[in-house]
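Letter by letter, the chains look like this.
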Amino acid sequence: MVDRRTLLTGAGGMAMGGGEHDRPKWKVETGLDRLVATNFAALRGRRVGVISNPTGVDRQYRHLVDLMHHNVDITGVFGPEHGFRGSAQAGGSEGTGIDARTGLTVYDAYGASQAKWQEMFTRADIELVVFDIQDVGARFYTYIWTMFDSMVAANALGLKYVVLDRPNPTGGRARGPVLQTAFASGVGKKEIVQQHGMTVGELARFYRGEFAETSGIELEVVNCRGWRRGMIARDTDVPWVMPSPNMPTPDTALVYPGTGMFEGTFASEGRGTTRPFELVGAPGLDHHWCDRLNAYRLEGIEFREAYFTPTFNKHTGVLCAGVEVKVVDPAHFDAVKTGAAMLIEARRYPGFTWRQDSWDPVRPHWIDKLTGSTRLRTMIDAGAGLADVTGAWADELAAFDARRRRYLQYQ
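Residues numbered from 1 in each chain as written. Predicted model: local features only at pLDDT ≥ 70, side-chain atom pairs only at ≥ 80, totals over all residues. Heavy atoms only, no water.

1. Some points on the sheet that holds strand S11 (residues 219–222)
Inference 1: Spatially, the seven strands line up as an open sheet ordered S5-S6-S4-S3-S7-S8-S11, and their pairing is mixed. In the strand order of this sheet, the two ends are held by strand S5 (97–98) and S11, each with one partner.
Inference 2: Where strand S7 (residues 128–132) lies against strand S8 (residues 160–164), four bridges are found, and the strand directions are parallel. From the neighbouring strand, valine 130 faces S8, where its bridge partner is valine 162.
Inference 3: Together, S7, S8 and S11 form the strand contacts of helix H6 (residues 200–210), whose direction differs from that of S11 by roughly 160°. (Pairing = 2+ DSSP bridges. Helix = DSSP H or I, 4+ residues; strand = E, 2+ residues; numbered from the N terminus. Contact = heavy atoms within 4.5 Å. Axes fitted to C-alpha atoms, helices over the stretch in contact; angles between N-to-C directions.)

This is the structure:
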């Protein structure tokens, strides 16, 4: 792990950043930056399919597809949730059509089954797949499952799969519970922890090594250069582009593996405000919630009493009382533990309810899909304290951490 005091006081290889913001920035080259430096030599002469979204940019904010479509044979582009150009809200996509800038066919890949991926790859007549999307490190962020399903399809068709790696904006440490197979869904398809602490390139290697559906795939990962596991997004000079409409800043990504669990409750997770996932609240909460949360004295975090009125999603147009989650020391902040504490204290309010999905009567609670089992919900309902809730996943987290080590590429 990188000593953050060293990062913030200057060291060889750093470039000075501006603003906040005169903190030093560590120079990091993404997989795309390294590919651009070769003028896409590894892709020439191949029929290429690209899976990307607005985050697939180099350090001049030039998009991968825009850069290479004149000198690489791109036969299909595939857009995940929110779409290739990023115009759709959560749970939406842009549909299949022609990209106005490049004239390329863009296939709607959001929610595509593995069979649908095979169909699209076959229709586009590709022989090599390139994946370049910025992940944010949480199991329930859907882009890593877009990668998994497309890898399964590529493996079945005998296609080469190339991942252009990007730093994990929340760092390299794994935290939280492991998904149980019975609770697999679109927000978690395989048995990994809630905050996985890996880059997409490391995850791709993990998928190939651990799961039968992707074993044997011809995989190439173009690693980042200069990234270390102790770095978070603000430590690097890698440009930040919103991975989705409600992931506006690197600060959002830091808290998301924990506060994202509030999607499984009656409370607003801040969608419809300028600080989604950093603002959490509901009409039935009050200032005591903030006081109780600060009384935990959780490392790396402070809670600010906050009031907000969402413009869409939950409680539209209704004043919500709650908290703003302020990360004051990212090196010691545990997002999943923090989210669990917030749920425990919110559950004490009489109006608290868990979100239920009528379309899944067997597994009706969305929180169970987000956390990977019924355990967190049932323990909180039974009055368990924070130490018991987080202790319940300690052994499985340690076992997962040991499993993933062979696939880690960065110190």
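2. Looking at the pattern of salt bridges
Inference 1: Across all of its chains, the model carries 35 salt bridges by this definition.
Inference 2: The shortest N-O distance in the salt bridge between aspartate 66 and arginine 85 comes to 3.0 Å. Here aspartate 66 is found in helix H3 (residues 64–68), whereas its partner arginine 85 is found in the loop between strand S4 (73–79) and S5, with 19 residues between them in sequence.
Inference 3: On the basis of relative accessible area, aspartate 66 is assigned to the partly exposed category, the value being 23%. (Salt bridge = Lys/Arg side-chain N within 4 Å of Asp/Glu carboxyl O. Buried < 20%, exposed > 50% of the residue type's maximum accessible area, 1.4 Å probe, protein only.)

3. Side note on the side chain of serine 185
Inference 1: Mapping serine 185 onto the fold places it in the loop between strand S9 (175–178) and strand S10 (193–195).
Inference 2: Excluding anything up to four places from it in sequence, serine 185 contacts Arg363 and Lys369.

4. Here's the deal with the nonpolar core
Note that soluble globular proteins tend to have their nonpolar side chains buried in a common cluster.
Inference 1: Judged by nonpolar contacts, the single largest core of 92 residues is most densely connected at Phe121, Met147, Tyr161, Tyr207 and Trp289.
Inference 2: Considering each element in turn, this core owes the most residues, nine residues, to helix H5 (residues 143–157).
Inference 3: If we skip the residues at most four places from it in the chain, tyrosine 207 touches Ile144, Trp145, Met147, Phe148, Met151 and Thr214.
Inference 4: Leu32, Leu43, Val65 and Leu104 belong to the second largest nonpolar core, which has 20 residues in total. (Core = buried A, V, L, I, M, F, W, Y, C linked by side-chain atoms within 4.5 Å.)

5. Some thoughts on the packing of H5 against H6
Inference 1: It is at 11 Å that the axes of H5 and H6 come closest, and there the two elements cross at 40°. By the angle between their axes, H5 is oblique relative to H6. Helix-helix and strand crossings are classified by hand; for H5 and H6 the assignment is right-handed. Contacts between H5 and H6 involve Ile144, Trp145, Met147, Phe148 and Met151 from the first element and Val200, Leu203, Ala204 and Tyr207 from the second.
Inference 2: Classifying every residue of the contact of H5 with H6 by side-chain character gives nine nonpolar, no polar and no charged. (Parallel < 35°, antiparallel > 145°, perpendicular 65-115°, else oblique. Left-handed = near helix turned anticlockwise from the far one by under 90°. Nonpolar A, V, L, I, M, F, W, Y, C, P; charged D, E, K, R; others polar.)

6. Considering unusual backbone geometry
Inference 1: Within the chain, phenylalanine 40 stands out as a residue other than glycine whose phi angle is a positive 60°.
Inference 2: In this fold, phenylalanine 40 is placed in the loop between helix H2 (31–37) and strand S3 (47–52).
Inference 3: Residue class for phenylalanine 40 comes out buried when judged on its relative accessible area of 3%.
Inference 4: The backbone of phenylalanine 277 shows a phi angle near 70°, a positive value even though the residue is not glycine.
Inference 5: Looking at where phenylalanine 277 falls in the secondary structure, it is placed in the loop between helix H7 (250–259) and strand S12 (279–282).

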